[in-house]
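Commentary on secondary and tertiary structure
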Amino acid sequence: MVYQPPSGARDLLPLDVAQKRWIEHRLQQVYHRWGYHRIITSTLERLDTLMAGGAIQRSTVIQIQDAEEGTLGLRPELTASIARASVTRMAGVAYPQRLYYNANVFRRSLGGNYGRREEFYQAGVELLGSGGVLADAEVLLLLRDCMNCLGLSQWRVVLGEAGLTRSLLSPFPAELQDKVRRAIAHLDRITLETLPLSPELRQRALFLFELRGHPAEVLQRVSTLDLAASERNIVNNLKSLVELLADSNFPLTLDLSLIQTFDYYTGIVFEITSDTDAPARILGQGGRYDELLGLYHPQGKTFPSIGFALNIEDLYQVLLSRPGMPRQTPANNWLVVPETPKAYMAAFAYAQTLRDSTHLVRVEMELGERTKEDVREYARSRRISHIAWVKAQGAAEIEAVK
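Residues numbered from 1 in each chain as written. Predicted model: local features only at pLDDT ≥ 70, side-chain atom pairs only at ≥ 80, totals over all residues. Heavy atoms only, no water.

Sheet analysis places strand S2 (residues 44-46) next to strand S4 (residues 70-74), joined by three bridges and oriented antiparallel. Note on S4: the bridge partner recorded for Arg 46 is Leu 72. The sheet contact formed by strand S3 (residues 63-66) and S4 spans four bridges and is antiparallel. Bridge pairing in S4 places Asp 66 opposite Gly 70. Counted along the chain from S3 to the antiparallel partner S4, the turn is three residues long. (Pairing = 2+ DSSP bridges. Helix = DSSP H or I, 4+ residues; strand = E, 2+ residues; numbered from the N terminus.)

Next up, the structure:
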């Protein structure tokens with residue numbers, strides 16, 4: 001019998017772990033520099049917690065039945081869990097709260113996707129309790145620093161505005177809004193041209209379809225519409241945000257047809273894409289969700305919030321050919337070899353002395369009874385730099401591995 005991990009899962013071997021940690025460590029340094037603190041939430045959540053935002057399809061949640069708790073689910077993303085934890089476990093804290101995470105998430109594959117990945121790794125941030133253009137700019141500039149710290153140069157943020165897009169879709173008949181929305185989101189011009197719309201609404205749908213490109217040009221085009229006061233306020237905020245990002249040469253495409261998967265977004269939404277792949281690989285996504293925390297607060301009090309999640313596997317694929325990404329597991333520094341059985345205690349003591357160094361020293365013990373040449377060959381194969389041959393009295397003969 002051949003034993004394999006469950007369908008949709010995979011094992012991370014030592015080199016996979018080294019590469020994953022290489023990415024996460026660099027991202028973590030950025031989070032710390034921006035004043036963010038790590039949060040770890042439960043892998044399991046009550047299903048009603050995951051469904052509260054109306055953003056998750058029940059069929060995509062991997063569910064577990066519990067006799068006492070009812071239906072539980074493995075988290076398909078982190079934002080809902082962090083929102084729940086922040087208003088129930090962190091009551092009374094000062095806002096804004098700056099939080100980050102490195103975690104696995106789970107999503108059930110639907111249809112004929114047997115064997116497709118169902119476990120993923122994400123790293124991201126949540127800025128809770130702060131609204132407005134300045135908070136939006138902070139999260140996007142933090143994102144820029146994350147891309148730069150990984151050595152990525154060919155990346156881009158595609159920016160939309162969920163509230164404005166919903167408002168611009170409001171003139172369409174209720175029974176057709178979802179179809180128009182999906183057609184725009186999937187760049188399906190043919191469907192837009194064949195939907196049963198009046199000439200005026202079809203023209204509006206095609207106008208919305210083209211609202212993507214250079215930020216200044218898109219904002220100029222949308223400003224020609226007969227906008228309500230709330231819509232014009234959103235456009236003005238977008239202009240202010242674009243101006244803040246322009247000073248840092250931020251690679252930005254404005255796409256007011258962008259619609260994210262999760263429906264809890266209320267303001268800006270964005271995707272981070274790699275320009276090196278065709279089609280572009282999505283490295284992450286995020287947005288503003290000003291009403292989500294209120295769903296979990298005991299008194300329904302909400303706090304404006306924004307965040308993003310980076311997809312570790314996609315980052316890994318883009319970075320694999322870049323300098324700096326580990327190609328091997330870290331080498332050990334020392335192999336300590338007791339020369340005789342009477343030297344076992346002395347060898348363990350010598351190895352501990354090496355491990356107690358101020359700096360990290362990787363030390364392993366020779367546990368077999370190999371010949372000296374076999375020990376040297378093993379050390380070479382493991383890229384160990386030094387061998388310590390320890391005698392029973394505790395003296396050690398040091399050999400540099402060649």
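Below, the discussion takes up unusual backbone geometry. Note that the residue after Tyr 95, namely Pro 96, is joined by a cis bond; omega there is 5 degrees. Structurally, Pro 96 can be placed in the loop between helix H3 (79-88) and strand S5 (97-106). Located in the positive-phi region is Arg 383, a residue other than glycine, with phi close to 60 degrees. Judged by its relative accessible area of 35%, Arg 383 is partly exposed. (Buried < 20%, exposed > 50% of the residue type's maximum accessible area, 1.4 Å probe, protein only.)

What follows covers helix H1 (residues 14-33). Between its first and last C-alpha atoms H1 spans 28 Å; for 20 residues at 1.5 Å apiece the expected length is 28 Å, and the two agree. For H1, the set of buried residues is Ala 18, Gln 19, Lys 20, Trp 22, Ile 23, Glu 24, Leu 27, Val 30 and Tyr 31. Positive phi appears at Gly 35, one or two residues downstream of H1, with a value of about 85 degrees. (Expected span 1.5 Å × (residues − 1).)

For sheets, the rule is that strands pair by backbone hydrogen bonds, running either parallel or antiparallel. If you trace the four strands from one edge of the open sheet to the other, you get S14-S13-S15-S16, paired in mixed fashion. What marks the edges here is a single partner per strand, and that holds for strand S14 (363-365) and strand S16 (396-400). If you compare each strand with its neighbour and ignore which way they point, the axes differ by 25 degrees on average. With five bridges joining them, strand S13 (residues 334-338) and strand S15 (residues 386-390) adopt parallel strand pairing. (Axes fitted to C-alpha atoms, helices over the stretch in contact; angles between N-to-C directions.)

What follows covers the sheet that holds S4. Spatial strand order, S2-S4-S3: three strands in an open sheet with antiparallel pairing. Each having just a single partner strand, S2 and S3 make up the two edges of the open sheet. Looking at each pair of strands side by side, their axes are set apart by 35 degrees on average, direction ignored.

Considering all chains together, one arrives at five aromatic pairs under this definition. Judged by centre distance (4.4 Å) and plane angle (20 degrees), the ring pair of Tyr 95 and Phe 303 falls under stacked. Here Tyr 95 is found in the loop between H3 and S5, whereas its partner Phe 303 is found in the loop between strand S11 (281-288) and strand S12 (305-311), with 208 residues between them in sequence. On the basis of relative accessible area, Tyr 95 is assigned to the partly exposed category, the value being 27%. By the ring-pair criterion, three or more aromatic residues cluster together here, those being Tyr 264, Tyr 265 and Tyr 289. A cation sits over an aromatic face here: Arg 212 above Phe 209, 5.4 Å from the ring centre. Taking NZ or CZ as reference, Lys 372 lies 5.0 Å from the ring centre of Trp 389, over its face. (Phe/Tyr/Trp six-rings, centres within 6.5 Å; stacked < 30°, edge-to-face > 60°. Lys NZ or Arg CZ within 6 Å of the ring centre and 35° of its normal.)

Packing of H1 against helix H4 (residues 133-149) brings their axes to within 9 Å, and their N-to-C directions diverge by 145 degrees. Crossing of H1 against H4: the hand is right-handed. Where H1 approaches H4, its residues Arg 26, Leu 27, Val 30 and Tyr 31 are matched on the opposing element by Leu 142, Asp 145, Cys 146 and Cys 149. In the contact of H1 with H4, the residues fall into six nonpolar, no polar and two charged. (Left-handed = near helix turned anticlockwise from the far one by under 90°. Contact = heavy atoms within 4.5 Å. Nonpolar A, V, L, I, M, F, W, Y, C, P; charged D, E, K, R; others polar.)

As a further point, take H3. For H3, the tally of buried residues reaches nine of ten residues, placing the bulk of the element in the interior. Among all positions of H3, only Thr 79, Ala 80, Ser 81, Ile 82, Ala 83, Arg 84, Ala 85, Ser 86 and Val 87 are buried. Where the residues of H3 are buried, they touch S2, helix H2 (47-51), S5 and strand S6 (119-128).

Moving on, we come to the nonpolar core. Counting 70 residues, the largest nonpolar core has Leu 27, Tyr 31, Met 147, Val 157, Phe 270, Leu 310 and Leu 315 as the members making the most contacts within it. Among the elements that take part in this core, H4 stands out by supplying ten residues, more than any other. Setting aside anything within four residues of it in sequence, one finds Leu 315 in contact with Ile 23, Leu 27, Met 147, Leu 150, Leu 152, Leu 283 and Leu 310. (Core = buried A, V, L, I, M, F, W, Y, C linked by side-chain atoms within 4.5 Å.)

A few words now on the environment of Ser 59. Take Ser 59: it is sitting in the loop between H2 and S3. We classify Ser 59 as partly exposed; its relative accessible area is 39%. Sequence separation between Ser 59 and Arg 108 is 49 residues, and the spatial gap between their C-alpha atoms is 7.3 Å.

Attention now moves to the packing of helix H6 (residues 174-185) against helix H8 (residues 199-209). At a minimum axis distance of 10 Å, the contact between H6 and H8 shows a crossing angle of 35 degrees. As H6 packs across H8, the resulting crossing turns out to be right-handed. Here H6 contributes Val 180, Ala 183 and Ile 184 to the contact with H8, which in turn contributes Ala 205, Leu 208 and Phe 209. Tallied by class, the residues present in the contact of H6 with H8 amount to six nonpolar, no polar and no charged.

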